[in-house]
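An overview of the molecular structure
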2 protein chains.
Amino acid sequence: MSLTVVGSVAFDALETPFGQRDKILGGAGTHFALSSSFFTDVNVVGVVGDDFGDAEWAVFERHNINTDDVEVVAGGKTFFWRGRYDYDMNTAHTLDTQLNVFETFDPKLSEKSKSARLLFLANILPTIQKQVREQCENAQFVAMDTMNFWISSMKDQLIETIKVVDCVIINDAEARQLTDEPNIHKAAKVILNYGLKALVIKRGEYGAVLFTKDNFFVVPAYPLESVFDPTGAGDTFAGGFMGYLASQVEITEDALRRAMIYGSVMASFNVEEFGTERVDRLTHDEINERFRAFKRMTHFEEIPFEKSAAA
Amino acid sequence: MSLTVVGSVAFDALETPFGQRDKILGGAGTHFALSSSFFTDVNVVGVVGDDFGDAEWAVFERHNINTDDVEVVAGGKTFFWRGRYDYDMNTAHTLDTQLNVFETFDPKLSEKSKSARLLFLANILPTIQKQVREQCENAQFVAMDTMNFWISSMKDQLIETIKVVDCVIINDAEARQLTDEPNIHKAAKVILNYGLKALVIKRGEYGAVLFTKDNFFVVPAYPLESVFDPTGAGDTFAGGFMGYLASQVEITEDALRRAMIYGSVMASFNVEEFGTERVDRLTHDEINERFRAFKRMTHFEEIPFEKSAAA
């Protein structure tokens, strides 16, 4: 029961139609770790500058997240991203990106981080993802994210990385771009054929789809009348998904399906407020209540139609 | 156990990336009637010209669809639509529309058609939909479709029509346009508040959503590697939905949910070939097999997470 995530720990500045924040805790590694911490023990591997303050460390501490492998670069500045969302919350408009200490991020994994049963490689350089994966020889289930930038600039290296993991978690546009295949089902086949056990394709307001060798499972998004801030939703999904899997003795098809639901549950909370604010104060009761809501909104009785029995 | 549909019976000419057809049986009333005929007895109310031939009538006869109320205008020509789809199968490009006898369509319902337990008002002038609804005093469940053209040109009359039916079946763009509300959940509330028992919002490749007063139910689309011809998919969905409801003694939440699945099943077959070709030769075994596939792709065990029980 342990999980390691390698990814960015950052500051975000956000503008949405509902408000703004100047400098709040963000980053893929952060959102993932926070979300997964509700299900399992988490190690986060990242890098920050010495501008990373007590309030930020406290979020990790509150959730018993092991930050021993978050390197602090003396005199350095933490990765900073400024973005804006319009009413179409599906698209983030980047206003400023300062990689700072993240530019030369060289993940250093302690024995504890290396020996985790599950590993998540958040969106970083594909060659670094591969190096990290190779350091975690005993990881039983390794998942990764990526982004359009790496697909267009480093496709070959990216595919080499995909070949050494068990699961890819990406969005539909990325799946299409990676395969040059507009149909999502054909694209999924191509990606699965790199040797994956599972492929998760996220579809924003339409939910997410799990592809395995012989199965296909669809999860809708939780019905929200307003999305307050979508930043980190994908990593929060991945955190719920991987965190739940880490809590399970075996990674079966049934466990993967429930993991898809828990991922969707966590993402649905994440977007209700800015940054980590909502997930930070979440309870297990709230999580399970929303899990049951997913059951209610997808369940139907399997009664085949019989013409002779019709009214 | 009976259902009446009022709508177009037409000829279509279609071009898709996969082939073309010059003049095939089409029309909302046709696709609806054919789909619903697998579940119940159907009366279709429409109008054609005397160019409507034996081959077309034979499709209705094969499925025991009552066409007594399809008026044949001597010397008239049947409604004709020519359309083209590119690889993005979500958008139909209209190349030619000849309303012909449909331009002055004045539905005349026999006592048999008027006395059906369920009624579907396919996409026609909202004022005619309302007149028809008022003729069917004893109909227990009345559903309607509409389109962007009526929403922009006759919104007030359209809303008056919505107020006298039980269910609206439209797509997401229409729901947004009707309410000036980009969020689909907020739009649904506005439309339900016109006094509906149920609202179905179709989302193309993402499936469909059922809104009732206290519930929300999501159905994904069946995973298809290629959509051959989407013409009539929406009416075929509505036909499966209403046909299944007509077969049920009571229209409960559970029945509505299964009707959503049967609608999706029928639509998924419809798009596999041109026009009515696939549905025309469908069997009940094929329908039930695909119904079970929908269960497989949405089912998960409802096991709440317990931290103390985690691996």
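Here, every reference points to the structure presented above.
Presented here is a report on the structure given in the accompanying data block. Source: prediction; values computed, not measured. (Residues numbered from 1 in each chain as written. Chains lettered and ligands numbered in written order. Predicted model: local features only at pLDDT ≥ 70, side-chain atom pairs only at ≥ 80, totals over all residues.)

Details of the overall build of chain A
Helix and strand content of chain A: 12 helices and 13 strands. Taking 311 residues into account, the globule formula puts the C-alpha radius of gyration at 19 Å, and chain A, at 19 Å, falls close to it. The principal-axis extent of the C-alpha atoms belonging to chain A is close to 80 × 40 × 35 Å. Each of the 311 residues in chain A was classed as buried or not, and the buried ones make up 50%. In chain A, of all internal contacts separated by at least 6 residues, the share reaching a separation of at least 24 is 66%. (Helix = DSSP H or I, 4+ residues; strand = E, 2+ residues; numbered from the N terminus. Rg over C-alpha atoms; globule rule 2.2 N^0.38 Å. Buried ≥ 20, exposed ≤ 12 C-beta atoms within 10 Å, placed from the backbone. Contact = placed C-beta atoms within 7 Å.)

Here we look at the sheet that holds strand 6 (residues 80-85) of chain A
Residues and elements named next belong to chain A. Pairing within the open sheet is mixed, and its four strands lie in the order 3-2-6-7. Bordering the open sheet on either side are strand 3 (19-26) and strand 7 (92-98), each of which pairs with just one other strand. Each strand of the sheet is rotated relative to its neighbour by a mean of 15°, with strand direction disregarded. The pairing of strand 6 with strand 7 spans six bridges and is classified as antiparallel. The partner of Y85 across the bridge, within strand 7, is A92. (Pairing = 2+ DSSP bridges. Axes fitted to C-alpha atoms, helices over the stretch in contact; angles between N-to-C directions.)

Some points on the nonpolar core
Membership of the largest hydrophobic core comes to 95 residues, with the highest contact counts inside it found for V5, F120, A143, C167, V168, L199 and F241 of chain A. With residues up to four places along the chain from it excluded, the contact list for F120 of chain A reads L3, V5, F32, A143, A238 and M242 of chain A. Within the second largest apolar cluster, 93 residues are counted, among which are A116, I162, F217 and M242 of chain B. (Core = buried A, V, L, I, M, F, W, Y, C linked by C-beta atoms within 7 Å.)

A short note on the interface of chain B and chain A
At the interface, 42 residues of chain B touch 43 residues of chain A. The element best represented in the side of chain B that touches chain A is helix 12 (residues 284-298) of chain B, accounting for eight residues.

A look at the relation of the copies chain B and chain A
You can overlay chain B on chain A at an RMSD of 0.0 Å; the transform is a turn of 180° with a shift of 0.0 Å along its axis. Such a turn and shift between the copies fits a two-fold axis. Comparing interface residues between copies, 100% of those in chain B also sit at the interface in chain A, which points to an isologous, same-surface contact. (Least-squares fit on C-alpha atoms with pLDDT ≥ 70 in both.)

Re the sheet that holds strand 5 (residues 70-73) of chain A
All names here are of chain A. The nine strands are arranged 5-4-1-8-9-10-11-12-13 in an open sheet whose pairing can be described as mixed. The open sheet has two free edges, formed respectively by strand 5 and strand 13 (216-219), since each of these has just one partner strand. Along the sheet, successive strands turn relative to each other by an average axial angle of 15°, direction set aside. Sheet topology places strand 10 (residues 167-171) next to strand 11 (residues 198-202); five bridges connect them, and they run parallel. Across the sheet, residue N171 finds its bridge partner in strand 11, namely K202. Seen against the sheet, helix 8 (residues 184-192) touches strand 10, strand 11 and strand 12 (208-212) and runs at an angle of roughly 145° to strand 11.

What to know about unusual backbone geometry
Excluding glycine, a negative phi dihedral is what most residues carry, and trans is how most peptide bonds are arranged. A positive phi angle, close to 50°, is found at N100 of chain A, a residue other than glycine. Notably, N64 of chain B is not glycine yet its phi reads approximately 55°, a positive angle. One can find N64 of chain B in the loop between helix 2 (54-62) and strand 5 (70-73).

So, the packing of helix 4 (residues 126-135) of chain B against helix 6 (residues 155-162) of chain B
Residues and elements named next belong to chain B. Put simply, helix 4 and helix 6 touch, their axes get as near as 8 Å, and they point 20° apart. Judged by the angle between their axes, helix 4 and helix 6 are roughly parallel. Our pair here, helix 4 against helix 6, has a crossing hand that is left-handed. When helix 4 is examined against helix 6, the residues P126, T127, Q129 and K130 are found in contact with a partner set consisting of Q157, L158, E160 and T161. (Parallel < 35°, antiparallel > 145°, perpendicular 65-115°, else oblique. Left-handed = near helix turned anticlockwise from the far one by under 90°.)

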